[in-house]
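Residues per chain, in single letters:
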Amino acid sequence: MTRTLVLTAVAMALAVALPAVAQKIYKQQLPDGSVVYADHRIKGAKLLYQVAVPDEAPAPVARGEASARSAEAAALDQRLRERTTALDRAHREIVVAERAVEDAKRQLETGKELLPGELQNSATGGTRVLPEYFDRIKKLEDNVTKARTRLERVYSERNQLR
């Protein structure tokens, strides 16, 4: 009976001690160049590095510390949500601004064609372009410039959020 008790105690001690051994994580590069993380070595892969991860459970936390940590975690979570929302909004604004630039460029290209009434015949048989054409082109170019300026501003605002 004592022998059974001793064997049981040894078995329990080993069962408790074995999980405390650190697990290894290997970062490896396959022959095709892709990087793989695994808990074992892969044949033919180049070992980049390995990390030992202990299997320890975190130490118990006192009740006061736990509530302070949960408040900190909640505040951090709130800040992360706000930042994510701001980045999403900035991304949507960038998409809209990029479309506006493309539309303004397209309008400028199609606007270079003379419209009826922008070309005048002269008495000598020649023609000349009227100032209305140049005014219209100037407005289209200004639209492109404004759209690009807005896009740069939106990119700058997004970069400040990062």
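Residues numbered from 1 in each chain as written. Predicted model: local features only at pLDDT ≥ 70, side-chain atom pairs only at ≥ 80, totals over all residues. Heavy atoms only, no water.

**Structural notes on the confidence of the model for the protein chain**
This prediction gives the protein chain a mean pLDDT of 82; 78% of its residues lie at or above 70. Across the protein chain, the secondary-structure element scoring lowest on mean pLDDT is helix H1 (residues 2-17), at 53, and the one scoring highest is helix H3 (residues 131-161), at 94. (pLDDT = per-residue confidence, 0-100. Helix = DSSP H or I, 4+ residues; strand = E, 2+ residues; numbered from the N terminus.)

**Some points on the packing of aromatic side chains**
Tallying each qualifying case throughout the model produces one aromatic pair. With a centroid separation of 5.4 Å and an interplanar angle of 75 degrees, the aromatic rings of Tyr133 and Phe134 are classed as edge-to-face. You can call Tyr133 buried: its relative accessible area is 13%. (Phe/Tyr/Trp six-rings, centres within 6.5 Å; stacked < 30°, edge-to-face > 60°. Buried < 20%, exposed > 50% of the residue type's maximum accessible area, 1.4 Å probe, protein only.)

**A word on the nonpolar core**
Counting residues in hydrophobic clusters, the biggest one holds twelve residues: Ile94, Ala97, Val101, Ala104, Leu108, Tyr133, Ile137, Leu140, Val144, Ala147, Leu151 and Val154. For this core, the element with the highest residue contribution is H3, accounting for seven residues. (Core = buried A, V, L, I, M, F, W, Y, C linked by side-chain atoms within 4.5 Å.)

**What to know about the pattern of salt bridges**
When their charged atoms lie close together, side chains carrying opposite charge are able to pair. Scanning the model with the defined rule gives six salt bridges in all. Put simply, Glu118 and Arg136 hold a salt bridge, and the shortest N to O gap is 2.7 Å. Of this pair, Glu118 sits in the loop between helix H2 (63-111) and strand E4 (119-121) while Arg136 sits in helix H3; the two residues are 18 residues apart in sequence, bridging distant segments of the chain. Accessibility assignment for this pair places Glu118 and Arg136 in one class, buried. (Salt bridge = Lys/Arg side-chain N within 4 Å of Asp/Glu carboxyl O.)

**Points about the environment of Val35**
Inspection of the secondary structure puts Val35 in strand E2 (residues 35-38). For Val35, a relative accessible area of 42% puts it in the partly exposed group. Taking the C-alpha atoms as reference points, Val35 and Lys46, eleven residues apart in sequence, are found 9.4 Å from one another.

**Considerations on H3**
The terminal C-alpha atoms of H3, which comprises 31 residues, lie 45 Å apart, in line with the 45 Å expected from a rise of 1.5 Å per residue. Among the residues of H3, those classed as buried are Tyr133, Arg136, Ile137, Leu140, Val144, Ala147, Leu151, Val154 and Arg158. (Expected span 1.5 Å × (residues − 1).)

**Here we look at the side chain of Glu118**
By relative accessible area, Glu118 is classed as buried at 6%. Contact partners of Glu118, with chain neighbours within four places excluded, come to Glu113, Arg128, Val129, Leu130, Glu132, Tyr133 and Arg136. (Contact = heavy atoms within 4.5 Å.)

**A word on the sheet that holds E2**
Taken in spatial order, the three strands line up as E2-E1-E3 in an open sheet, and their pairing is antiparallel. With partners counted over all chains shown, the strands left at the sheet margins are E2 and strand E3 (46-53), one partner each. Averaged over all pairs of adjacent strands, the angle between their axes in this sheet comes to 15 degrees, without regard to strand direction. Taken together, the seven bridges between strand E1 (residues 23-29) and E3 define a ladder with antiparallel strand orientation. Bridge pairing in E3 links Tyr26 to Gln50. (Pairing = 2+ DSSP bridges. Axes fitted to C-alpha atoms, helices over the stretch in contact; angles between N-to-C directions.)

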